[in-house]
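Survey of secondary and tertiary structure
Listed below are the residues making up each chain.
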Amino acid sequence: QVQLVESGGSLVQPGGSLRLSCAASGISFNTYAMSWYRQVPGKQRDLVASITSTQITSYRESVKGRFTIFRNDRSNTVYLQMKGLKPEDTGVYYCNARRSSDEEYWGQGTQVTVSS
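Throughout what follows, the structure given in this document is the object of discussion. (Residues numbered from 1 in each chain as written. Predicted model: local features only at pLDDT ≥ 70, side-chain atom pairs only at ≥ 80, totals over all residues. Heavy atoms only, no water.)

**As for the state of the cysteines**
Within this structure, the stated rule accounts for one disulfide. Note on cysteine connectivity: C22 is disulfide-linked to C95, with sulfurs 2.1 Å apart. Taking the torsion about the S-S bond as the criterion, the C22 to C95 disulfide, at about -80 degrees, is left-handed. Separated by 73 residues along the polypeptide, C22 in strand β3 (residues 18-25) and C95 in strand β9 (residues 91-100) bring together distant segments of the chain. Taken individually, C22 and C95 each receive the classification buried, so the pair is uniform in this respect. (Disulfide = S-S within 2.5 Å. Helix = DSSP H or I, 4+ residues; strand = E, 2+ residues; numbered from the N terminus. Buried < 20%, exposed > 50% of the residue type's maximum accessible area, 1.4 Å probe, protein only.)

This is the structure we're talking about:
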């Protein structure tokens, strides 16, 4: 059974920092690309950051220089370090694991709220 369990979401003031974690089980973690998506009510889920199985990273333009995605293949965990948070970063953050169109999994999401 595949499980992706996110944690680390919280209420934080503008300019603050958070680190999200996603612990995976039931998959060969080191063969999957891992991503973080963000969704706000009434809108589609948007890709925020990705990291391939070979450590190649990519970011949404609005978070470049502020967010860092990294992975630990020993602990089957992917992280999203977020700094300089802005109100527009608010949303539910979902972890995604993908190896092919038939092998894609989602976590349950963790809420990040940036507000004073």
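**Section: the nonpolar core**
Ranked by internal contacts, the top residues of the largest apolar core, which has 26 residues, are M34, W36, F67, V78, L80, M82 and Y93. Going through the elements one at a time, β3, β4 (33-39), β5 (46-51), β7 (67-72), β8 (77-82), β9 and β11 (110-114) are the ones with two or more residues in this core. Excluding residues that lie within four positions of it along the chain, F67 makes contacts with R38, V48, Y59, L80, Q81, M82, K83, L85, D89 and Y93. (Core = buried A, V, L, I, M, F, W, Y, C linked by side-chain atoms within 4.5 Å. Contact = heavy atoms within 4.5 Å.)

**A look at the environment of L85**
With respect to the helices, strands and loops of the structure, L85 is situated in the loop between β8 and β9. Relative accessible area serves as the criterion here: at 2%, L85 is assigned to the buried category. The spatial distance from the C-alpha of L85 to the C-alpha of G15 is 4.8 Å, given a sequence separation of 70 residues. Contact partners of L85, with chain neighbours within four places excluded, come to V12, P14, G15, G16, S17, L18, R66, F67 and V114.

**Examining the sheet that holds β7**
Read across the open sheet, the four strands follow the order β1-β3-β8-β7; overall the sheet is antiparallel. Two strands close off the open sheet at either side, each with one partner strand: β1 (3-7) and β7. Taking the axes of each pair of neighbouring strands and ignoring which way they run, one obtains an average angle of 15 degrees across the sheet. Of the strand pairs in this sheet, β1 and β3 are connected by five bridges, and their pairing is antiparallel. (Pairing = 2+ DSSP bridges. Axes fitted to C-alpha atoms, helices over the stretch in contact; angles between N-to-C directions.)

**Focus: the side chain of S35**
Mapping S35 onto the fold places it in strand β4. Judged by relative accessible area, S35 falls into the buried class, the value being 7%. Within the structure, S35 has its side chain in polar contact with the side chain of S50 (distance 2.7 Å). Apart from residues no more than four positions distant in its own chain, S35 is found in contact with L47, A49, S50, I69, Y94, C95 and N96. (Polar contact = N/O pair within 3.5 Å; in protein donor to acceptor, adjacent residues only side chain to side chain.)

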